[in-house]
Amino acid sequence: MTTKVKGLRERIQNGEDIIIAEGYIFLFERRGYLKAGPFVPEVILDHPDLVRAAYREFVHAGSDVVLAFTYYAHREKLRLIGRENDILKMNKDALRMAREVADETGTLMAGNICNTNRYHPDNSAEKNQMIKDMFKEQIEWAVDAGADFIVGETFAHLGEAMLALEAIKESGKGLPAVITMSPVATENVNGKCSTTDLVPYGKAFQTLHDAGADIVGLNCGSGPATTISILEEVRTTYKGPLGAVPVPYRTTEQQPSFMQLTDPKTGERLFPLSLEVLSCSRPDIAEFGAKCKELNIQYVGVCCGNEACLTRTLAEQLGRVTPASRFTADMSKHCVFGTDGSVDKDNKQHLLEIGRASCRERV
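The rules behind these values
Residues numbered from 1 in each chain as written. Predicted model: local features only at pLDDT ≥ 70, side-chain atom pairs only at ≥ 80, totals over all residues. Heavy atoms only, no water. Helix = DSSP H or I, 4+ residues; strand = E, 2+ residues; numbered from the N terminus. Rg over C-alpha atoms; globule rule 2.2 N^0.38 Å. Buried < 20%, exposed > 50% of the residue type's maximum accessible area, 1.4 Å probe, protein only. Contact = heavy atoms within 4.5 Å. Axes fitted to C-alpha atoms, helices over the stretch in contact; angles between N-to-C directions. Parallel < 35°, antiparallel > 145°, perpendicular 65-115°, else oblique. Left-handed = near helix turned anticlockwise from the far one by under 90°. Nonpolar A, V, L, I, M, F, W, Y, C, P; charged D, E, K, R; others polar. Salt bridge = Lys/Arg side-chain N within 4 Å of Asp/Glu carboxyl O. Core = buried A, V, L, I, M, F, W, Y, C linked by side-chain atoms within 4.5 Å.

## A short note on the overall build of the protein
Point 1. Helix and strand counts for the protein come out as 13 helices and ten strands.
Point 2. Taking 363 residues into account, the globule formula puts the C-alpha radius of gyration at 21 Å, and the protein, at 22 Å, falls close to it.
Point 3. Principal-axis analysis of the C-alpha atoms gives the protein an extent of 75 × 55 × 45 Å.
Point 4. With 363 residues in all, the protein has 53% of them scored as buried.
Point 5. In the protein, 74% of the contacts between residues at least 6 apart in sequence involve partners at least 24 apart.

Structure below.
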């Protein structure tokens, strides 16, 4: 007998945290299965076994959700690389595998739509309808695959986020909707951080919530510190369910987006191939988790650049014990830094002396 998995809305109402592991685009680019630039998830068709393994890896680390890897699997992206005819198979395969892994692991499965790179505030009604139709076909495929909710994410403009939400409401058969915006090009309006179409985030989130979004928030674009800074401001006006899924990089007030980060050594732009220079540490992610708890941000995760160790760190900070927690670090048994009585003291002392001598020689 299959145990019914608690749904997204029930978890929100119960005040529970929902952990979502994201970041498949960068994960597979770094592993050599996806091209930076177009960032199209061809790996779904080329190496489906690796996608399935990544789904399982993130659940093992503590994710409550298997997010189907259909980010950038829309018509505009596939048109750029001449694979538009593969759109149906790419989406259906990603969704099917996500549903299977979710069923195996007792987790939720989410469909995924995202920024189309075709939106502009001055778009004609015809062009906006084309964007909405792109959303709708992916939503319908997600519904057919048995998604538990739909994530619409990485929208810079409130206008495009609203089109996505409308599409979910029209084609999602009543599934919950999570809408998160990306502060890649955050504007400042009267001292408040705002969307690219100049709507303060607090007002934008309230608008989305009032239109039927179950959770609203930020994803991608900004690192934990700058994401939290925006959401602290948002929390002064918006009191509804909130989400935070930053990129794991040390963005700053001066360089608030990972696309703006520069190499401290060379001054060159780090995006997208050299971001490791300013990667967040695991303690950075733990601190982010603590801040989310403090601000009552229930829907949390890590986006582009995520690794299983970061998802595990976030989960443990929120009080979870995950399957991967079996391998959480235990430095008490390290040969040099260990404090456990089982560590060989003579060997430890010898290694410490070698280390000190080496340091003296360099000085």
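## Things to note about the environment of His350
Point 1. As for its position among the elements, His350 is in helix 13 (residues 345-362).
Point 2. The spacing of His350 and Tyr72 is 278 residues in sequence and 54 Å in space, taken between C-alpha atoms.

## Digging into the packing of helix 6 (residues 87-105) against helix 7 (residues 125-144)
Point 1. At a closest axis distance of 10 Å, the pairing of helix 6 and helix 7 adopts a crossing angle of 40 degrees. The pairing of helix 6 with helix 7 is recorded here as oblique in orientation. Viewed along their axes, helix 6 and helix 7 form a crossing whose handedness is right-handed. For the pair helix 6 and helix 7, contact is made by Ile87, Leu88, Asn91, Lys92 and Leu95 and by Glu137, Gln138, Trp141 and Ala142, respectively.
Point 2. In the contact of helix 6 with helix 7, the residues fall into five nonpolar, two polar and two charged.

## Looking at the pattern of salt bridges
Point 1. Tallied over the entire structure, the rule returns 26 salt bridges.
Point 2. Here Asp17 makes a salt bridge to Lys293, at a shortest N to O gap of 2.6 Å. With Asp17 in the loop between helix 1 (8-13) and strand 1 (18-21) and Lys293 in helix 11 (residues 282-294), the pair connects residues that are 276 residues apart, well separated along the chain.
Point 3. The buried category is assigned to Asp17, whose relative accessible area is 11%.
Point 4. According to the relative accessible area criterion, Lys293 is partly exposed, its value standing at 48%.
Point 5. Notably, a salt bridge pairs Lys89 with Asp93, separated by 2.9 Å at the nearest N-O pair. Here Lys89 and its partner Asp93 are both found in helix 6, four residues apart, which amounts to about one turn of the helix.

## Here we look at the environment of Ser274
Point 1. Here Ser274 shows up in the loop between strand 9 (242-245) and helix 11.
Point 2. Take Ser274: its relative accessible area is 32%, and that puts it in the partly exposed class.
Point 3. Residues Ser274 and Asp263, eleven residues apart in the sequence, show an inter-C-alpha distance of 8.2 Å.

## A look at the nonpolar core
Point 1. In this structure, Tyr55, Phe69, Phe205, Leu208 and Phe258 are the most contacted members of the largest nonpolar core, which totals 109 residues.
Point 2. Ignoring anything within four residues of it in the chain, the contact list for Leu208 reads Leu158, Ala161, Met162, Leu165, Ile179, Met181, Ala213 and Val216.

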